[in-house]
Amino acid sequence: MIPIARPQVGDPEIENVVHVLRSGMLAGGRFVNDFEGAFADYTGTTYAVATTSGTVALDIALKALGIENGDEVVVPDFTFNATANAVLFQDAKPVFTDVERDTFCIDPNDVLEKISPRTKAIIGVHLFGHPFELSAIQDICEDHQLALIEDCAQAHGAEYTGRTVGSFGTVGCFSFYATKNMTTGEGGMVTTDDPEIGERLRLLINHGQSRKYSHTTLGYNYRMTDIQAAIGVAQLGRLDEFNRKRIGNAEYLNSHLDAPLKTPYKKDNIKHVYHQYVIKIGEEFPMMRDEFIRYLSDNGIGSAVHYPLPVHRQPLYQEMGYERDQCRCATRLSETVISLPVHPLVTDGDLKHICSIINGVS
Ligand SMILES: Cc1ncc(COP(=O)(O)O)c(C=O)c1O
């Protein structure tokens, strides 16, 4: 079976982890510092704070921004649940906005409809590796004095107008879960250029300690271990190579798939890093989606649906009373998308096989 996702780890990661294990400094050693420094350099930001997951990165970013009960945060309806849940963690309200039909990313026109006097921030998600329309969303944030959180969990190394994502917003939040463009197994990072926010993030991940045993604020233990950071340093060094392979795989699929389906759209001024290769199948496609997934599986091809429901239709949000009929584009996408393998370990032979099986649908 060609898996839908598979992390690429090898000698550089193994050597770094062995180094940590032999050093005895499993936490609080030099690798977390090194990883944070290298990540800040890579994203062109001043501060990078490593943490335990992408969900925690979003959580502490919102806490550092002072989001609290009574506040609203505008969130795209088509994303992984964690994006919206992080707003609930603050006792604040996620307000769902629709997404663009082509890029699947937050739709600036709909965002304008969702802003109220209670809105404090917008979270944009660079979904599947395609940066969202940063310039339009930045303008909205400026006009309405809102914080901008970039959810970069799926877009390490993606670029907008030649600049790396994670460097545009008030904060950028990354995930290093095992299937991401780079991994630490589990892990996360928050980037920012704001020294006050950088300082607050540091306190939040480390028990609110400004000095050892001096707890100036309510904090947590959300620190990354040196074992994770050792993997991260090695992965970051290979990220561009991983992304080149993803892009090459996506370009092959774009030019060789000729079944009646929509291949991923890419805007001109961006670098898409294909965290997922998401196609759309409509009425003209000869199979229903479930049947197509079975057909792919029977032919040794893994696939997945990202995402089978828009977030507002998740049982959690329905129970909270969110209106069922909203965000029509996100809802329609959830019925028509399907992700195909694009990760760096997909071989040329795999790509040929995927195309010949899909082009053979009837
Ligand atoms: C868009 C998005 N945001 C946030 C997260 C949460 O990251 P983590 O799984 O590291 O907690 C993910 C993870 O899949 C994600 O895809």
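Chemist: Could you clarify how one ought to interpret the overall build of the protein in this entry?
Modeler: Secondary structure summary: the protein contains 12 helices and 14 strands in total. Since a compact globule built from 362 residues should have a radius of gyration of about 21 Å, the 20 Å found for the protein is in line with a globular shape. Principal-axis analysis of the C-alpha atoms gives the protein an extent of 70 × 55 × 35 Å. Contacts in the protein between residues far apart in sequence, at least 24 positions, make up 69% of those at least 6 positions apart. Within the structure as shown, the protein displays about 15,500 Å² of accessible surface, and the carbon and sulfur contribution to it stands at 49%. Charged side chains in the protein number 32 positive and 47 negative. The centres of these two groups are separated by 3 Å.

Chemist: Is there a simple way to explain the site of the ligand in this structure?
Modeler: Close contacts around the ligand come from 15 residues, with Gly 54, Thr 55, Asp 151, Ser 175 and Lys 180 the closest. Here Gly 54 contributes a backbone N or O atom positioned 2.8 Å from an oxygen atom of the ligand. A distance of 2.8 Å separates a nitrogen atom of the ligand from a polar side-chain atom of Asp 151. Protein contact buries 91% of the 390 Å² of open area that the ligand shows by itself. Secondary structure elements with two or more residues in the shell around the ligand: α3 (54-64) and α4 (82-89). Element by element, the count of residues in the shell around the ligand is highest for α3, at 3 residues. Looking at the shell around the ligand, its residues break down into 5 nonpolar, 8 polar and 2 charged.

Calculation rules
All residue numbers refer to positions counted from 1 along the written sequence of the respective chain. Residue-level local features of this predicted model are given only where pLDDT is at least 70; pairs of side-chain atoms are given and counted only at 80 or more, and the full residue set underlies all totals for whole chains, interfaces and linings. To get the side-chain values, take all heavy atoms of the structure and skip hydrogens and water. Helix numbering and strand numbering both begin at the N terminus, where a helix is a DSSP run of H or I of at least 4 residues and a strand a DSSP run of E of at least 2. The size measure is the radius of gyration over C-alpha atoms, and the globule rule it meets is 2.2 Å times the number of residues to the 0.38 power. Any two residues whose heavy atoms approach within 4.5 Å are treated as being in contact. The Shrake-Rupley method, run with a 1.4 Å probe sphere, supplies the accessible areas, and residue values consider only the shown protein chains as cover. In this tally, Lys and Arg are treated as positive and Asp and Glu as negative; His is ignored, and so are the chain termini. We put the charge of a Lys on NZ, of an Arg on CZ, of an Asp on CG and of a Glu on CD. Whether a residue is near a molecule or strand depends on its heavy atoms: if one lies within 4 Å, it is near. Definition of a polar contact: a pair of N or O atoms within 3.5 Å, with one able to donate and the other able to accept a hydrogen when the atoms are protein atoms, and with sequence-neighbouring residues admitted only if both atoms are side-chain atoms. Side-chain classes are defined by residue name, with Ala, Val, Leu, Ile, Met, Phe, Trp, Tyr, Cys and Pro counting as nonpolar, Asp, Glu, Lys and Arg as charged, and the others, Gly among them, as polar.

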